[in-house]
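The primary structure of each chain is shown beneath.
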Amino acid sequence: MNPEHLSELSAKPNPFYLKATQLQPVDRRHFLGLLALTCGWTMVSAAEAEKKGKGGKGKSGAGDDQSRARGPSFQGEYVLPEALAEFSRLSVVLGRASDKTVTLSLLAAEAMEAVIELGTTPGKYARKIGPLTLPKGEPVEVVVDKLTANTEYFYRLQSRFLKASGGAFTARPECRFATQRAPGSSFIFTIQGDSHPERPQSSHPDLYARTLQAAAAERPDFHICIGDDFSVDKVRTVSPAALAQPYLLQRPFLGLIGQQAGVFLMNGNHEQGSLFNYQQTDERRDVAVGVQKARNRLFPTVGPDGFYTGCDETLKDVGPLKTYCAWTWGDALFVILDNYWHSPTLVDSGFGEKAKASKGDEKKNRDWWGITIGDAQYQWFKRTLETSKAKYKFVFAHHVLGSGRGGVDEADLYEWGGQGKRGEGTFKEKRPGWDLPIHQLMVKHKVNVFFQGHDHLYCQQEKDGVIYQEVPMPSDHGYIAYNEDRYQSGKKLPSSGYLRVSVAPQQTKVDYVRCFLPKDETKDARHGMVAHTYEVKPRSA
């Protein structure tokens, strides 16, 4: 992509939003009433929503929350709060941390110079990298090598605008990162659900930033995004620049935590990166190519490199696909699955006018056995689980089957559980060469927790010893438990917040940390409070 285009986009607000001044003059009460009448939304207060905790009927298939919003729409540009504007001018996202290296991705809105100072003691920097030239709007990846395993590093970034060359560098606050933890070590990682910044009724930029800052304060080794963070559903003109916009929008936000915790990205259905789209001959192919190229260019995504294993497939016009991956950290195995890039059948929501025209037919006539993670990903997943000696095994995907609603409620179905909903087909017939359905494979190899998103609430369930953990939204200022009727068991709570997972040799603790805007806090709803917690014991020797 042309650097000028990137720089223009990086400085441009999200086109999905309008400033309040662009709206017709109307008082807030009247405005919300018009929204309710026009869109069919039910408007209640955050307190009422919290109490009720319901987000509408989550029907099977490609449903979403857009028509069931319960809170007022956010008005204005989806940008960082003014106090954090520096992270829009220069964002830093870490990735691909290993035992010996880490990659820093730097993206500057204006041409800059930067120096990285690095050491193993806070405030003492024995190593200097740079000066580095950061072109306007062009991401620059810096691979920091010759690191020591099982070590926490501290670094300081200093920068200045090139037009002020010769002037003093300005130092950012010190940040940290860790290299691969040794067995027996303790560490923290964090997880966020579907941030959906394109939805003003269920995503507030100030709350999103507040959530990411709270997660960063945990000093996690890495942060996992479960998908639906880079929706292109509202893109009307398909071009590389337009498809890169959601990724550029997220850079400063994810930089709040990514400057000191490696960020792992996962595809959700709204990213529209899928094999089904790629195989089309119309604009959907351009979408699939554009979004995956933007992802791999603008974030330090993971591919098989000797430390990480995973997808080694290369596609024309995309390059290395870099979808599913696995790695070991301390006593834990981490496995990220991709629901979309390996299924020739449409998995969930489609893209564009053709998708709208056929939406009803696609849901009614959906080939659920056709939805698949693919033979290559399945066999890799099987080998990864059966060869791991880790005490803990954590598996992540956007959702069971990548579609539908629910956790254990869907885990018996199709390639995930081996059963057709109405008895159609058999697992052996539909998946020749597969030993077991995915759920049974996780049971056999003692997976501790399967983490998923898609449904926009917190819910912890268990089936056959495997915990199914639905991850809440980080930015929902309506504080809703969407789709809770699709979860017939388990502990259910509304958004917003993130998961903090504390891994230790004898036990792992999972905490749901709630996040609120200051105006919405009460004595019973405090920003940073732990709303639910549970312990996970090792299941593998």
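Residues numbered from 1 in each chain as written. Predicted model: local features only at pLDDT ≥ 70, side-chain atom pairs only at ≥ 80, totals over all residues. Heavy atoms only, no water.

**Some points on the packing of helix 5 (residues 205–216) against helix 6 (residues 240–258)**
Then step 1. Two elements in contact, helix 5 and helix 6, have axes whose closest approach is 7 Å; the angle formed by their N-to-C orientations is 30°. Looking at the two axes, helix 5 sits roughly parallel to helix 6. Along its contact with helix 5, which presents Pro205, Tyr208, Ala209, Leu212, Gln213, Ala215 and Ala216, the element helix 6 presents Gln250, Phe253, Leu254, Leu256 and Ile257. (Axes fitted to C-alpha atoms, helices over the stretch in contact; angles between N-to-C directions. Helix = DSSP H or I, 4+ residues; strand = E, 2+ residues; numbered from the N terminus. Parallel < 35°, antiparallel > 145°, perpendicular 65-115°, else oblique. Contact = heavy atoms within 4.5 Å.)

**Observations regarding the sheet that holds strand 15 (residues 325–329)**
Then step 1. Read from one edge to the other, the open sheet built from 8 strands follows the order 12-15-16-17-18-20-19-21, with strand pairing classed as mixed. Each edge of the sheet is formed by a strand with only one pairing partner; in this case those strands are strand 12 (309–310) and strand 21 (491–493).
Then step 2. Relative to strand 18 (residues 449–452), strand 17 (residues 392–396) runs parallel, the two being bridged by 3 bridges. Opposite valine 395, over in strand 18, you have phenylalanine 450 as the bridge partner.
Then step 3. On top of the sheet, helix 10 (residues 375–387) reaches strand 12, strand 15, strand 16 (332–336) and strand 17; it is set at about 175° to strand 16, its chief contact. (Pairing = 2+ DSSP bridges.)

**As for the sheet that holds strand 1 (residues 90–95)**
Then step 1. Taken in spatial order, the 3 strands make up an open sheet running 1-2-5, and their pairing is antiparallel. Among the strands making up the open sheet, the edge pair consists of strand 1 and strand 5 (140–144). In this sheet, adjacent strand axes meet at a mean angle of 20° when their direction is disregarded.
Then step 2. Where strand 2 (residues 102–108) lies against strand 5, 5 bridges are found, and the strand directions are antiparallel. Paired with threonine 103 across the strands is valine 143, a residue of strand 5.

**Some words on empty space enclosed by the protein**
Then step 1. Applying the stated criterion to the full structure yields 7 cavities of 30 Å³ or more.
Then step 2. By volume, the largest cavity amounts to about 160 Å³.
Then step 3. Lining the largest cavity are 16 residues; nearest its centre among them are Leu265, Met266, Thr301, Lys322 and Thr323.
Then step 4. Looking at the lining of the largest cavity, the elements with two or more residues in it are strand 11 (262–265) and helix 8 (283–298).
Then step 5. At 3 residues, strand 11 tops the list of elements feeding residues into the lining of the largest cavity.
Then step 6. Split by residue class, the lining of the largest cavity holds 9 nonpolar, 4 polar and 3 charged.
Then step 7. Reported here for the second largest cavity is a volume of approximately 90 Å³.
Then step 8. Taken together, 14 residues line the second largest cavity, and the ones lying closest to its centre are Asn269, Ser274, Tyr340, Leu346 and Ser349.
Then step 9. When the residues that make up the lining of the second largest cavity are grouped by side-chain class, the tally is 4 nonpolar, 9 polar and 1 charged. (1 Å grid on protein atoms, 1.4 Å probe; cavity = no way out; pocket = protein on both sides within 12 Å on 5 of 7 lines; lining within 4 Å. Points joined across faces, edges and corners; volume = space filled by probe spheres on them. Nonpolar A, V, L, I, M, F, W, Y, C, P; charged D, E, K, R; others polar.)

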